[in-house]
Amino acid sequence: MEAVQAVRGMNDILPEQVGWWQGIESAAREVLENFGYREMRTPVAEKLELFARGIGESTDIVEKEMYAFQDRNGDWLALRPEATASIVRSYVQHKLHADSGHCKFYQIGPMFRHERPQKGRYRQFHQIDAEVFGLDGPMIDAEMMHMLDVLLERIGISGVTLNINSLGCAKCRQVYREALKSFLVEKGDGFCGDCMRRRETNPLRVFDCKVQRCGELLESAPRLIDYICDDCRAHFDAVKDGLEKLGTRYAVNPRIVRGLDYYMRTTFEVITDRLGSQNAIGGGGRYDGLVRDLGGPDVPAVGFAMGMERLVLLLEQEKGRPVRLPRCFFASLGEKAGQSAFLLAQQFRGQGIETEIDYEGRSLKSQMRRADKSGARYVLILGEDELARREIQLRDMLTKTQRIVPLENILETLLAVDSEK
RNA sequence: GUGGGUGUAGCUCAAUUGGUUAGAGCACUGGGUUGUGGCCCCAGAGGCUGUCGGUUCGAGCCCGAUCACUCACCCCA
């Protein structure tokens, strides 16, 4: 009988790793709530149309990476490839914009893209996602990036760089696109095949190219920064000013272009050099037109997403795994003592003391070995002799000291001994 | 979707030019101590060498296919 395997690119997170995940999630909740964000949980599947409209028909995500399928009614659905479209949909559907001036939401959960897996990139992956609706000023852009900085520090990740850029608004970007396009045509066939193709489909993306020659040619390319209109420039300057006042270090990087259609003005990425070619651990930007495009009011918005797998990979490089250890381990000899130990262990757990026990009636030596491996600080040994005398042995595995305690006092004694340490 | 690399015990890896019964370390189980952990010693268990086909007297090793993993491209978190 052949065993069934997990789906390609969709991974189990086993107990020995789950500590990282719990740490990241609790840090994220703490920091985001602290900045006024509230959690929202949307379904993992949506109407296919939502993503097609929200992310952009011509993006790679929509064109070839979506988990799309027909349900039994024949409706086209898709597993969400990112969270923003869903959150916007929910925001519009429940008319949350009626509540107050602005809204801040976050969401933590799995996303799905049918790509070829590699290091730091999987078909089911997890994101921490935050969105703000109703604010068009630069302060929130700066605050959001600052929050990202705070969050990463709280999680315990260092050595990353915040790169920022401005894409301008629809108007100035149009002017720039034309200028860039004619530059690319002028330079002709010096560029790689991919860039030649991008020239027609999405010229801005040439800045993402990793081919060295293309990078060199682009040195003299027109810069978006020089083309953005006065309003956009003022916005960008104010974002940078805000970051400086908040003490958040950043680098202006004109190559931060982002793959989703809806971005405008501020875009940013948090980059690391320790993850191979998947170097972005988080990214986001402003998308003022999207809510309207998805049938809602004309509300400005900013958001970001962080890749949790990539955070875990970084944490693993830096530190040893966090392991959870039981406090107590019950060892017993004989059937009657085993029963008593079993009931005592439940009492301990009832008091919130993490407790493990041998269930199999093994030799004491073997139980001690297991106790040691479990990492428990205290072992409680109950044999027939102790039971007859209404006593129990309390052994401290660290100090290797052992004492006899009356059975009815064991809980209080343990609590007293443990709190001294 | 395209290209490279790798598949041998739970894990990390050996196995001479193709040659008899595929080994080791770690981990696991038991014992050395009638009831006491780590170190040490002894023993045990654990494998269709990813799968299918081919070449050969003979394949873990060579060839083909397939699957999986992995890295990179593309793209992105």
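For the structure itself, consult the block above.
(A) Molecular detail of the pairing of strand 5 (residues 103-112). Here strand 5 lies mainly inside the structure; nine of its 10 residues are buried. Of the pairings in the sheet, the one linking strand 1 (residues 38-39) to strand 5 comprises two bridges and is parallel in character. In the sheet register, Glu-39 faces strand 5, and the bridge partner there is Tyr-106. Across 10 bridges, the pairing between strand 5 and strand 6 (residues 124-133) is antiparallel. Considered in strand 6, the bridge of Phe-105 is made with Glu-131.

(B) Fine view of the sheet that holds strand 12 (residues 328-332). The strand order 13-12-14-15-16 describes an open sheet built from five strands, whose pairing is mixed. Bordering the open sheet on either side are strand 13 (355-357) and strand 16 (401-406), each of which pairs with just one other strand. Each neighbouring strand pair of the sheet contributes to a mean axis angle of 25°, computed without reference to strand direction. Relative to strand 14 (residues 378-382), strand 12 runs parallel, the two sharing five bridges.

(C) Layout of the environment of Thr-272. Here Thr-272 shows up in the loop between strand 9 (264-271) and strand 10 (280-286). Among the residues examined, Thr-272 registers a relative accessible area of 4% and is labelled buried. The sequence separation of Thr-272 and Ser-26 amounts to 246 residues, and the corresponding C-alpha distance is 22 Å. Each residue touching Thr-272, except ones within four places of it in the same chain, is listed here: Gly-159, Val-160, Asn-279, Ile-281 and Leu-314. A polar contact is formed between the side chain of Thr-272 and the backbone nitrogen of Arg-274, at a distance of 3.1 Å.

(D) Focus on the environment of Ile-24. With respect to the helices and strands, the residue Ile-24 is situated in helix 1 (residues 15-34). The exposure class of Ile-24 is buried, given its relative accessible area of 0%. Remark: the alpha-carbon pair of Ile-24 and Ser-374, spanning 350 residues in sequence, is separated by 25 Å. If sequence neighbours within four positions are ignored, Ile-24 has contacts with Ile-128, Ile-155, Met-308, Leu-311, Val-312 and Leu-315.

(E) Highlighting the packing of aromatic side chains. Under the counting rule described, the total for this entry stands at six aromatic pairs. Plain terms: the ring middles of Tyr-91 and Phe-133 are 4.1 Å apart, the flat faces sit at 15° to each other, and that makes the pair stacked. On the criterion of sequence distance, the pair formed by Tyr-91 in helix 4 (residues 84-93) and Phe-133 in strand 6 is long-range, its members being 42 residues apart. Across this residue pair, the class does not change: Tyr-91 and Phe-133 are buried. These aromatic residues form a ring-pair network of at least three members: Tyr-91, Phe-105 and Phe-133.

The rules behind the values
Residues numbered from 1 in each chain as written. Chains lettered and ligands numbered in written order. Predicted model: local features only at pLDDT ≥ 70, side-chain atom pairs only at ≥ 80, totals over all residues. Heavy atoms only, no water. Buried < 20%, exposed > 50% of the residue type's maximum accessible area, 1.4 Å probe, protein only. Helix = DSSP H or I, 4+ residues; strand = E, 2+ residues; numbered from the N terminus. Pairing = 2+ DSSP bridges. Axes fitted to C-alpha atoms, helices over the stretch in contact; angles between N-to-C directions. Contact = heavy atoms within 4.5 Å. Polar contact = N/O pair within 3.5 Å; in protein donor to acceptor, adjacent residues only side chain to side chain. Phe/Tyr/Trp six-rings, centres within 6.5 Å; stacked < 30°, edge-to-face > 60°.

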